[in-house]
Amino acid sequence: MTAVLVIEDDDRIRLALQLALEEEGYRADGAATAEEGLRRQRESPADYVLVDLMLPGIDGFDCIRQLRRDDEVPVVVISARDDTHDIVAALEAGADDYVVKPVAIKELSARLRALRRRARTVAGPAPAQFFGDLEISAEAGEVRRSGHPVPVTRTEFRLLCELAEHAGRVLSRQQLLSRVWGYETGDERLVDVHVGRLRQKIESDPANPRHLVTLRGLGYKLQR
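Predicted, not measured: the structure shown is a model, and the values here were computed from it.

Draft legend 1. Expanded view of the sheet that holds strand S1 (residues 3–7). The five strands are arranged S2-S1-S3-S4-S5 in an open sheet whose pairing can be described as parallel. Only two strands of the sheet have a single partner each, and these edge strands are strand S2 (27–31) and strand S5 (97–100). Neighbour to neighbour, the strand axes of the sheet diverge by 20 degrees on average, direction disregarded. Here strand S3 (residues 48–51) pairs with strand S4 (residues 75–79) via three bridges, running parallel. Each residue of the ladder has a partner; that of Val49, found in S4, is Val75. Lying on the sheet, helix H3 (residues 60–70) is in contact with S1, S3 and S4; it crosses S3 at an angle near 160 degrees.

Draft legend 2. Up close: the pattern of salt bridges. In the structure shown here, the tally under the stated rule is 20 salt bridges. In this structure, the salt-bridge partner of Asp62 is Arg65, at a minimum N-O distance of 2.7 Å. Here Asp62 and its partner Arg65 are both found in helix H3, three residues apart, which amounts to about one turn of the helix. Using a relative accessible area of 35% as the deciding quantity, one classes Asp62 as partly exposed. Given the relative accessible area of 38%, Arg65 is considered partly exposed. Of the charged contacts, one joins Arg197 and Glu156 as a salt bridge, the two residues approaching to 3.1 Å between their closest N and O atoms. With Arg197 in helix H8 (residues 189–202) and Glu156 in helix H6 (residues 154–165), this pair connects stretches of sequence that are 41 residues apart. Summarising the burial analysis for this pair, Arg197 and Glu156 share the class buried. Beyond isolated ion pairs, a larger network of salt bridges with shared partners links Glu92, Glu156, Arg197 and Lys201.

Each value, and the rule that gives it
Residues numbered from 1 in each chain as written. Predicted model: local features only at pLDDT ≥ 70, side-chain atom pairs only at ≥ 80, totals over all residues. Heavy atoms only, no water. Pairing = 2+ DSSP bridges. Helix = DSSP H or I, 4+ residues; strand = E, 2+ residues; numbered from the N terminus. Axes fitted to C-alpha atoms, helices over the stretch in contact; angles between N-to-C directions. Contact = heavy atoms within 4.5 Å. Salt bridge = Lys/Arg side-chain N within 4 Å of Asp/Glu carboxyl O. Buried < 20%, exposed > 50% of the residue type's maximum accessible area, 1.4 Å probe, protein only.

As structure tokens, then:
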């Protein structure tokens, strides 16, 4: 049975999530602190980890960073904070997704399934693609700029590969949510945040991007 670890200090929310997840067919465990959650994940790894940001002691951001040092488990932030800065910080720490409270359990379950499908997807053989000094190799799972490796997350890599596969074509935020995240609906800020982070890594001048460009009101495209 698929296991989910819920790291949430509010007893009512944690227990409600556990019960709702169990009704969806998951085995759900809970922890009231990051320290307890990290220990449980080391001793009995879950298939997914849900993390609140406002935790006593080690906060949610540091909890995610510590998880990421040891584990590739899909991590979803569940928080009442919906500021874009918090979303950026959580994704930068290593979270795979961000859900704003109150949580709709059916939506959360769908997102967990989508994360699992993404984790199992392996890129097939394909030649490396070049966009100026940027090299994207789906087969090798690598991104290089001027010959030097560019550190990208799994989601950033999938986003780049999707845009590279449709080079020169505009993909809307909703199309990218569907193709990269596996969501039929969702917060389009996830796309914007990841595009912004990618530009910082692959563009010489992120404020005036040459390759990963925005078509206002339409979406994004990757151009040579």
